[in-house]
Amino acid sequence: MHHFVGVDVGTGSVRAAVVASDGNIVGSAQSKSILIHSPQSEYYEQSSVDIWDACIHVIKKAIESSDIDASSIRGMGFDATCSLVVLDPDGKPVPVSPNGDPKFNVIMWQDHRAIAEAEALGSTGSRVLKYTGGKISPEMSVAKLAWLKRHHKEAWTRAKHFIELPEFLTYMATGSLSRSSCSLVCKWGYMAEGQDMNSWGWDQEFLKKSGLDDVMANIERWVPGKDGVKIPGDAVGAVLPVVLERLGIPVEANVQVGTALIDAYAGALGTLGAMDPASPSSNLNISELPQRLAIIAGTSSCHIVATPQPAFVEGVWGPYPYSMLPGMYCAEGGQSATGKALDFVTSLYTPALEQVRKQAEANSRGVYDELNALVREFAVAELGDDEEYVAVWAENVFVNPDFHGNRSPLADPEMRGTISGLPIDTGVRALAQVYLATLQSLAYETRFIVDRLHSAGHKIKDVFMSGGLCQNELFVKTLADVLGMRVWIPKYPNEAVLIGAAACGAAAAKREYGKDLSVEERAEGLFEEMVRFGKCNGIVEPSKKDSLRRFHEKRYQVLLKMYEDHNLYRKMME
């Protein structure tokens, strides 16, 4: 049996998994925390050296834990956060910190230093904005590049290569500086219109208006001509012998590396191919994908749906061609803080949270599992034993969860969160109630995104979820009830991104590097791996109670009103 390695660089750690050709994980490992540097508010930075060292460590550990013959590894795939790496001509780090700290050459995805640049880019009126929901986010690399040129001239001048973190990983593994169409179209304003890759490139008017027109004179800083652009399903090249040696893989092995993906797209690739466990022998047709919404929910959340034709949605990123499956367009909604929002809100009740944490340890479960149990206990004791009462127990506590801005569909990075209806109480009951209200608000915000997608012609029927939040049973059930849709849970809920990355490695291994295939053939090859690796562990059905549906509808309307009110307050203070 052949094996494939998937590697995921998340916000705070690196993970790797060895996946067998039947889609089952046979070995895995996770690094200790990787460095995060925050020199000032809204600035978040990392070290590419630290990240790559962690990659080598976890890949080696994952292979060791799998107890396989390392010579059976045929492919490797990488995914990572959409963070910007800056390198000099020798591939060495170029610092991006305002204080010049030499270790940190990565501007993280969550960094919001480029808000002013993003606003300026969003006012250019360029056709590029059609593909970004009408605005540019400060989380996009094109805004961060504009910030570097404007505020960090030393880094801008010294740098030879500006590269997205996923492609930095394939560069370190293979020596190829090729770029992934996933990163370029999603975060760089790159135009990939049509199937003729020779016609792809940047809109020069957009670059000129954004002050980045000098890039065209030295385009290899962004996309090297020799290596060019790779699309999902392509092979970037073979893992270098020196890297194989460090990993404990025979140096004569031919391990092909697939085109890298942004982590959310790897997660979507790793979940959307799942089949109903009640009918495992049925076949999924690629034409069914537009009915499936992937939600990759962890620290933040991404909502991805793929369609054969572009559908433009206000406040939603995309439609992005060649970002996941060749020939398909992906719309990407998102929430800048989901798990992070829950962490923040519960941290406001520190004494009560410590009490809950001790209870959780005594009961051998996680803090949020303990909070879910407490919510049910309070609801049953005060209202009665009925699934509806768990939701209703939130009472008149309302939350706008945008404590780190609104990514979709308002596309407002300066939006801030609100909690309304708080009593003078900091005990466990108050903590549990605010936690429930926050959890519900995250589900309502997802409905806001789905409603906007539907208004633009999307026809979503089912949700395919992965990430840490899909292990929160109360959140998953709330989401199913709020959306009125089934929520599918994968066999490996925390490893969906690793499954997706490994699928890219498997697709790359199926053909020789550089072999000329059509877009349709590349899509079919990757889709085949997507279905082979996708596995469902269960489906959560929505409630059929009209009274519960009406309750959630009222609270959803409250959230929409909270957005309006917050904007009114900001306007009053101008």
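Whatever comes next refers back to the structure up there.
Residues numbered from 1 in each chain as written. Predicted model: local features only at pLDDT ≥ 70, side-chain atom pairs only at ≥ 80, totals over all residues. Heavy atoms only, no water.

Draft legend 1. Broad picture of the overall build of the protein chain. When helices and strands are counted, the protein chain shows 18 helices and 24 strands. A compact globule built from 574 residues should have a C-alpha radius of gyration of about 25 Å, and the protein chain, at 23 Å, falls within 12% of that. Summarising its shape, the C-alpha atoms of the protein chain cover approximately 65 × 60 × 45 Å along the three principal directions. Every one of the 574 residues in the protein chain was classed for burial, and the buried ones make up 61%. When contacts within the protein chain are restricted to residue pairs at least 6 apart in sequence, long-range pairs at least 24 apart make up 72% of them. Total accessible area computed for the protein chain in this model is approximately 21,900 Å², and 50% of it derives from carbon and sulfur atoms. Charged side chains of the protein chain number 56 positive and 71 negative; the gap between the two group centres comes to 2 Å. (Helix = DSSP H or I, 4+ residues; strand = E, 2+ residues; numbered from the N terminus. Rg over C-alpha atoms; globule rule 2.2 N^0.38 Å. Buried < 20%, exposed > 50% of the residue type's maximum accessible area, 1.4 Å probe, protein only. Contact = heavy atoms within 4.5 Å. Areas by Shrake-Rupley, 256 points an atom, 1.4 Å probe, with all protein chains shown as cover. Lys, Arg positive; Asp, Glu negative; His and termini not counted. Charge placed at Lys NZ, Arg CZ, Asp CG, Glu CD.)

Draft legend 2. Fine view of the packing of aromatic side chains. One pass over the structure, following the stated rule, counts 15 aromatic pairs. Aromatic pair tryptophan 188 and tryptophan 222: ring centres 5.3 Å apart, planes at 85°, arrangement edge-to-face. With a gap of 34 residues between them, tryptophan 188 in the loop between helix H6 (181–187) and strand E10 (190–191) and tryptophan 222 in the loop between helix H7 (204–209) and strand E12 (229–230) connect regions that are remote in the sequence. Just as tryptophan 188 is buried, tryptophan 222 falls in that class too. For the pair phenylalanine 464 and tryptophan 488, a centre-to-centre distance of 4.5 Å together with 25° between the ring planes defines the contact as stacked. Of this pair, phenylalanine 464 sits in strand E22 (residues 462–466) while tryptophan 488 sits in strand E23 (residues 486–490), and the two are 24 residues apart along the sequence. The residues phenylalanine 464 and tryptophan 488 share a single accessibility class, namely buried. Chaining the aromatic ring pairs together yields one cluster made of Trp188, Tyr190, Trp202 and Trp222. Lying over the aromatic face of tryptophan 147, arginine 113 brings its terminal NZ or CZ to 4.7 Å of the ring centre. (Phe/Tyr/Trp six-rings, centres within 6.5 Å; stacked < 30°, edge-to-face > 60°. Lys NZ or Arg CZ within 6 Å of the ring centre and 35° of its normal.)

Draft legend 3. Looking closely at the side chain of threonine 170. The topology assignment puts threonine 170 in helix H5 (residues 165–174). Looking at threonine 170, the relative accessible area reads 1%, which means it is buried. Among the polar contacts made by the side chain of threonine 170, one reaches the main-chain carbonyl oxygen of glutamate 167 at a distance of 2.9 Å. (Polar contact = N/O pair within 3.5 Å; in protein donor to acceptor, adjacent residues only side chain to side chain.)

Draft legend 4. Representation of the nonpolar core. Counting residues in hydrophobic clusters, the biggest one holds 91 residues, and the most contacted among them are Ile136, Leu148, Phe162, Trp222, Tyr265 and Leu269. It is helix H16 (residues 496–509) that contributes the most residues to this core, eight residues altogether. Once you skip the residues sitting within four places of it in the chain, leucine 269 turns out to touch Leu261, Met324, Leu325, Gly500, Ala503, Cys504, Leu526 and Met530. The next biggest cluster of nonpolar side chains, apart from the first, holds 61 residues, and it includes Leu293, Val345, Leu431 and Tyr563. (Core = buried A, V, L, I, M, F, W, Y, C linked by side-chain atoms within 4.5 Å.)

Draft legend 5. Expanded view of the sheet that holds strand E16 (residues 292–297). Spatial ordering of the open sheet is given by E18-E19-E17-E16-E22-E23-E24, a layout of seven strands whose pairing is mixed. The open sheet has two edge strands with one neighbour each: strand E18 (317–321) and strand E24 (536–540). For this sheet, the mean angle separating the axes of adjacent strands, direction not counted, is 25°. In the sheet, E23 pairs with E24 via four bridges, with the strands oriented antiparallel. If you follow proline 490 over to E24, its bridge partner there is cysteine 536. Contacts from helix H9 (residues 263–271) reach E16, strand E17 (301–307), E18, strand E19 (329–335), E22 and E23 within the one sheet, and its direction differs from that of E16 by about 130°. (Pairing = 2+ DSSP bridges. Axes fitted to C-alpha atoms, helices over the stretch in contact; angles between N-to-C directions.)

Read these as spatial facts, not as claims about activity.
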